[in-house]
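Next come the chains, spelled out residue by residue.
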Amino acid sequence: MKPLETSKILYNLDLMIPVLKAQDYCAALCSAEMGTIYNHFPLEAWLHIYTNGSKLEINGVAGAGVYCEHFSHYLLLETAKYAFDGEVEAIKVALTHLNARLPLSDQAIIFSDSQAAILAISNCFHAPIPMSVMQCRSLMGKMPEKYKTIASQWVPSHCGIPDNEKADELAKKDCLVNQIPFNLVTYRSALSMINQMLKTIHMPSLKKRTKEKPWRNDTLNLPDCPRSITEAVFRLTTGHDCLYAHPCRFRVVDVLHARSAAVLLR
């Protein structure tokens, strides 16, 4: 092990057996990862927390996931974020949980598959830095008050470690939910989007529902007038007018149309 800082706060980027993720097989990576976890950080002496960040290319949404035997958490980040932001955010969430809870062990280890996130948090001379990295450093500084040792350990991703896979699933959980776009649109753009939806979704449905109506062809020849007049003509043409009975009394429309309107309104 080669900790970057030999103190109560440890940052480890090496496994028990040197590996190259791009060259070694998954079985070899899994073996090295399992050996590192259970030989250097046995469950009897360490609290294990797995963190993961993810970004889906489909919708550009990033998420963070944290899994521990005693708690779990997932968080959705706004669009235009990188997977790195999710990794750092996941570590921050894990540290927040540790800081808020009563110690379950005197030693805690946070596993992350992002060397970049661990390096960013450990390197106090790196600038400029995101706010989330600064918050992680601040939370790390508070950990020795509760824990004898707090460590961050890099582990390869997608190597079949169950708890690590659970953290990955949590990171992707909210990313798969349809998100409302955060981009503001102008009034004209919103109007165009609504009109497009009406033409592509609602109009075909309306045509199908009115296919057998006797007044369908009549509505295609409504006068090009102000909306109030056109709406009145449309209601009189289709019979969908609550006041249809009154024009009948004044003989504006015939009795047959009035009765049809009454049936429609029941």
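Residues numbered from 1 in each chain as written. Predicted model: local features only at pLDDT ≥ 70, side-chain atom pairs only at ≥ 80, totals over all residues. Heavy atoms only, no water.

*Asks:* Which residues make up the packing of helix 2 (residues 83-100) against helix 3 (residues 115-122), and what values do they have?
*Replies:* Relative placement of two packed helices is described by the angle separating their axes and the distance separating the axes. It is the contact of helix 2 with helix 3, at a shortest axis distance of 9 Å, that shows an interaxial angle of 60°. Put simply, helix 2 runs oblique to helix 3. The two elements helix 2 and helix 3 cross, and the hand of that crossing is right-handed. Contacts from Phe 84, Glu 87, Val 88 and Ile 91 of helix 2 reach helix 3 at Ala 116, Ala 117, Ala 120 and Ile 121. (Axes fitted to C-alpha atoms, helices over the stretch in contact; angles between N-to-C directions. Helix = DSSP H or I, 4+ residues; strand = E, 2+ residues; numbered from the N terminus. Parallel < 35°, antiparallel > 145°, perpendicular 65-115°, else oblique. Left-handed = near helix turned anticlockwise from the far one by under 90°. Contact = heavy atoms within 4.5 Å.)

*Asks:* Break down the side chain of Gln 107 for me, with residues and values.
*Replies:* By the element assignment, Gln 107 lies in strand 5 (residues 107-112). Residue Gln 107 is classed as buried on the basis of its relative accessible area of 16%. Those residues in contact with Gln 107 that lie beyond four places of it in its chain are Ala 45, Trp 46, Leu 47, Tyr 147 and Thr 149. (Buried < 20%, exposed > 50% of the residue type's maximum accessible area, 1.4 Å probe, protein only.)

*Asks:* Could you give me a rundown of the pattern of salt bridges, with the residues and numbers involved?
*Replies:* Within the structure shown, the criterion is met by two salt bridges. For the salt bridge of Glu 89 with Lys 92, the shortest nitrogen-to-oxygen distance reads 3.0 Å. Separated by three residues within a single helix, Glu 89 and Lys 92 lie in helix 2, roughly one turn from each other. An identical accessibility class is assigned to Glu 89 and Lys 92; each is buried. Residues Lys 172 and Asp 168 are paired through a salt bridge, measuring 3.4 Å at the closest nitrogen-oxygen approach. Within this pair, Lys 172 and its partner Asp 168 are both found in helix 5 (residues 162-173), separated by four residues, close to a single helical turn. Since its relative accessible area comes to 29%, Lys 172 is described here as partly exposed. (Salt bridge = Lys/Arg side-chain N within 4 Å of Asp/Glu carboxyl O.)

*Asks:* Can you lay out the packing of aromatic side chains for me, pointing to particular residues and giving the numbers?
*Replies:* For any pair of aromatic rings, the description consists of the separation of the ring centres together with the inter-plane angle of the planes. Tallied over the entire structure, the rule returns three aromatic pairs. Residues Phe 41 and Phe 111 carry aromatic rings whose centres are separated by 6.1 Å and whose planes lie at 80° to one another, so their mutual orientation is edge-to-face. With Phe 41 in the loop between helix 1 (26-40) and strand 2 (47-55) and Phe 111 in strand 5, the pair connects residues that are 70 residues apart, well separated along the chain. Comparing Phe 41 with Phe 111 shows no difference in burial state: the two are buried. Between Tyr 50 and Phe 111, the aromatic rings sit 4.8 Å apart at their centres with planes inclined by 25°, giving stacked as the arrangement. Of this pair, Tyr 50 sits in strand 2 while Phe 111 is found in strand 5, placing the two residues 61 residues apart along the sequence. For the pair Tyr 50 and Phe 111, a shared accessibility class is recorded, and that class is buried. (Phe/Tyr/Trp six-rings, centres within 6.5 Å; stacked < 30°, edge-to-face > 60°.)

Interpretation note: all reported values are geometric properties and have no functional meaning in isolation.
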